[in-house]
Amino acid sequence: MKKAVLPILVVLSLTGCQKAAVEPEPAPADTQAAFEADFSLQHQQQAFLPGMTQPELTVRLEELKYTFCPEGLMCFVGPSAWPELNVTDAQGRTQRVVFTPFNAQRVPSTAWLDTTSVRANNRRYVFTYQRWQIVKPLGRGVYPGKSDFTLWFRINRIGK
């Protein structure tokens, strides 16, 4: 009897498991943004500044690192989101801009997280990473994915 039950259980367990094909989420549509104004990006989205035709800068949210503490849990590190941007100038040269926390525990809110500057197009651009938010409600104990975050930036032109 044991010899007959084991093969039946193996066959049932294999037929019960189905590997579903997981389609990757489509990248958000490209957008245009203005200098000296707030704009938002999602993971793998890019913004053209000051417009889509002949942009002076193209900013792409290439990578997103984050920590998250679901509701109802006690965590040592609070929620944070830290972007890595690819910045392409008018001549097609690309630079990586990485925002990293000086001390992740010092940022209890999602407002004003970091500032840095980039030299491109013979001028300096000041990038301010202002805030992040989760774009959809999450259930209790559910962790967000990279595509669930929206990050807000402002870019100011200096010189010229």
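All of these numbers come straight from a predicted model, not from anything done at the bench.

Scoring rules and cut-offs
Residues numbered from 1 in each chain as written. Predicted model: local features only at pLDDT ≥ 70, side-chain atom pairs only at ≥ 80, totals over all residues. Heavy atoms only, no water. Helix = DSSP H or I, 4+ residues; strand = E, 2+ residues; numbered from the N terminus. Buried < 20%, exposed > 50% of the residue type's maximum accessible area, 1.4 Å probe, protein only. Pairing = 2+ DSSP bridges. Phe/Tyr/Trp six-rings, centres within 6.5 Å; stacked < 30°, edge-to-face > 60°. Contact = heavy atoms within 4.5 Å. Salt bridge = Lys/Arg side-chain N within 4 Å of Asp/Glu carboxyl O.

A. Quick peek at unusual backbone geometry. Along the chain, Leu49 connects to Pro50 via a cis peptide bond; the corresponding omega equals -5 degrees. Within the fold, Pro50 resides in the loop between β3 (46-49) and β4 (57-67). Non-glycine residue Glu36 carries a positive phi angle of around 60 degrees. With a phi close to 70 degrees, Gln44 is a non-glycine residue in the positive phi region. Note that Gln44 resides in the loop between β2 (38-42) and β3. Judged by relative accessible area, which is 23%, Gln44 ranks as partly exposed.

B. How the structure looks around the pairing of strand β9 (residues 149-158). When β2 meets β9, the two strands line up antiparallel, connected through five bridges. Across the sheet, Gln42 pairs through a bridge with Thr150, a residue of β9. Where strand β8 (residues 123-134) lies against β9, ten bridges are found, and the strand directions are antiparallel. Residue Thr128 lies in a different strand from β9, and its bridge partner there is Arg154.

C. Representation of the packing of aromatic side chains within the structure. Evaluation of the coordinates by the stated rule reveals nine aromatic pairs. Here Phe99 and Tyr129 contribute two aromatic rings whose centre-to-centre distance is 5.5 Å and whose plane-to-plane angle is 50 degrees, an arrangement assigned as tilted. Pair noted here: Phe99 is in the loop between β6 (94-98) and β7 (111-120) and Tyr129 is in strand β8, with a separation of 30 residues, a long-range link. No difference in accessibility class separates Phe99 from Tyr129, as the two residues are buried. An angle of 55 degrees between the planes, with centres 5.6 Å apart, marks the rings of Trp132 and Phe149 as tilted.

D. Quick peek at the environment of Leu61. Looking at the element boundaries, Leu61 is found in strand β4. For Leu61, a relative accessible area of 0% translates into the label buried. Distance from Leu61 to Gln44, taken between C-alpha atoms, is 5.2 Å for residues 17 residues apart in sequence. Discounting residues that sit within four places of it in the chain, Leu61 has contacts with Leu41, Gln42, His43, Gln44, Gln45, Pro83, Glu84, Leu85 and Leu151.

E. Local environment of the sheet that holds β6. One open sheet accounts for five strands, arranged β1-β3-β4-β5-β6; its pairing is mixed. Across the chains shown, the open sheet's two edge strands, defined by having one partner strand only, are β1 (31-32) and β6.

F. Molecular detail of the pattern of salt bridges. In total, this model carries nine salt bridges according to the counting rule given. The shortest N-O distance in the salt bridge between Glu56 and Arg123 comes to 3.1 Å. Note that Glu56 is positioned in the loop between β3 and β4 and Arg123 in strand β8, a separation of 67 residues in sequence.

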